[in-house]
Amino acid sequence: MVMLIIKLCIFAMAPLCTVAANAQTQGIGFGYGGRNGPKQWGHLNPHYTECSVGKLQSPIDIQRGQTFYNSTLEPLHRDYYTTNATLVNHVCNVAMFFAEGAGDVVINDKNYTLLQMHWHTPSEHHLHGVQYAAELHMVHQAKDGSFAVVASLFKIGSEEPFLSQMKDKLMKLKDERLKGNQTAQVEVGKINTRHIERKTRKYFRYYGSLTTPPCSENVSWTILGKVRSMSKEQVELLRSPLDISYKKNARPCQPLNGRRVEMFHERVTKKETGNKKKDPN
Ligand SMILES: [Zn+2]
């Protein structure tokens, strides 16, 4: 049953990376440099056209002068629950797929269900011109098929507790890769995703795209304002199961093209509204 759910999840997630895996076997895979690099993605496959012609693409550099404080934005409302998870070598990144019932994020009164999360090294989004060591994408999907991604940026520093818990499983993915298994899956068992959830006093919101082909747009992005830490070893561990061409798997920043990046900031919101209620997040 769990495998069935995971397979369904992978099917649901096709635009995010299994397309890449399939494309690999068909010889039209994308990469992060050279002939298959990001500048070429739009020309590799008719389904990838949006990567070159899309005007609302991700990632972006979140620059101070182009960020607007929006007092109507609400605290990020996430409800995550304990669920079975599987760590997957997703060819272009390391991902964790969740079984049904992992929880939701609510954005503009719309429910998006948590499907999977994966890591990019270095970060895809830049914050005020700075590219960080890693970025976690928590990928959610609404019933209408649209995506909402909640992203966290990481600098090099102390160990990230969730990855510390996952160390053995990540080592196993690496061992499988060394044995030649490029798409290994490692059962993780029950994961309490509440551990991943963090208090969020500041975030940035804009509409963009998937950062891998087919680069589909209408993705709601939430980039958490607090940069967290992971150790250098953890960055290396996240890279270790990946093929050389995917070890650095960050798409370069895309033009903003007049989009507004909005900012939620609890402190400012409270001061303005006098709201002393405890933030549920
Ligand atoms: Zn991603």
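Our structure's up above, just so we're on the same page.
Because the structure is a prediction, the values reported are computed rather than measured. (Residues numbered from 1 in each chain as written. Predicted model: local features only at pLDDT ≥ 70, side-chain atom pairs only at ≥ 80, totals over all residues.)

(A) Region of the structure containing the pairing of strand S16 (residues 261–265). Where strand S2 (residues 67–69) and S16 come together, three bridges link them in parallel fashion. Bridged to Thr67 within S16 is Val261. Where strand S13 (residues 202–209) and S16 come together, four bridges link them in antiparallel fashion. Across the sheet, residue Phe204 finds its bridge partner in S16, namely Met263. (Pairing = 2+ DSSP bridges. Helix = DSSP H or I, 4+ residues; strand = E, 2+ residues; numbered from the N terminus.)

(B) Highlighting the environment of Glu266. Summarising the element assignment, Glu266 is placed in helix H8 (residues 266–273). A sequence separation of 192 residues divides Glu266 from Glu74, and the C-alpha atoms of the two residues are 8.7 Å apart.

(C) Looking closely at unusual backbone geometry. Geometrically, the link from Ser58 to Pro59 is a cis peptide bond, its omega value of 0° lying close to zero. Here Pro59 lies in the loop between helix H4 (50–53) and strand S1 (61–62). Omega for the bond connecting Pro213 with Pro214 falls within 30 degrees of zero, at 15°, which places this linkage in the cis form. By the secondary structure assignment, Pro214 is in the loop between S13 and strand S14 (217–224). At Cys215, a position not held by glycine, the phi torsion is positive, near 55°. Take Cys215: it is sitting in the loop between S13 and S14. Residue Cys215 is classed as buried on the basis of its 28 C-beta neighbours within 10 Å. The residue Asn257 is not glycine, and still its phi comes out positive at about 50°. (Buried ≥ 20, exposed ≤ 12 C-beta atoms within 10 Å, placed from the backbone.)

(D) Main features of the environment of Lys232. Inspection of the secondary structure assignment puts Lys232 in helix H7 (residues 232–239). The exposure class of Lys232 is exposed, given the 10 C-beta atoms found within 10 Å.

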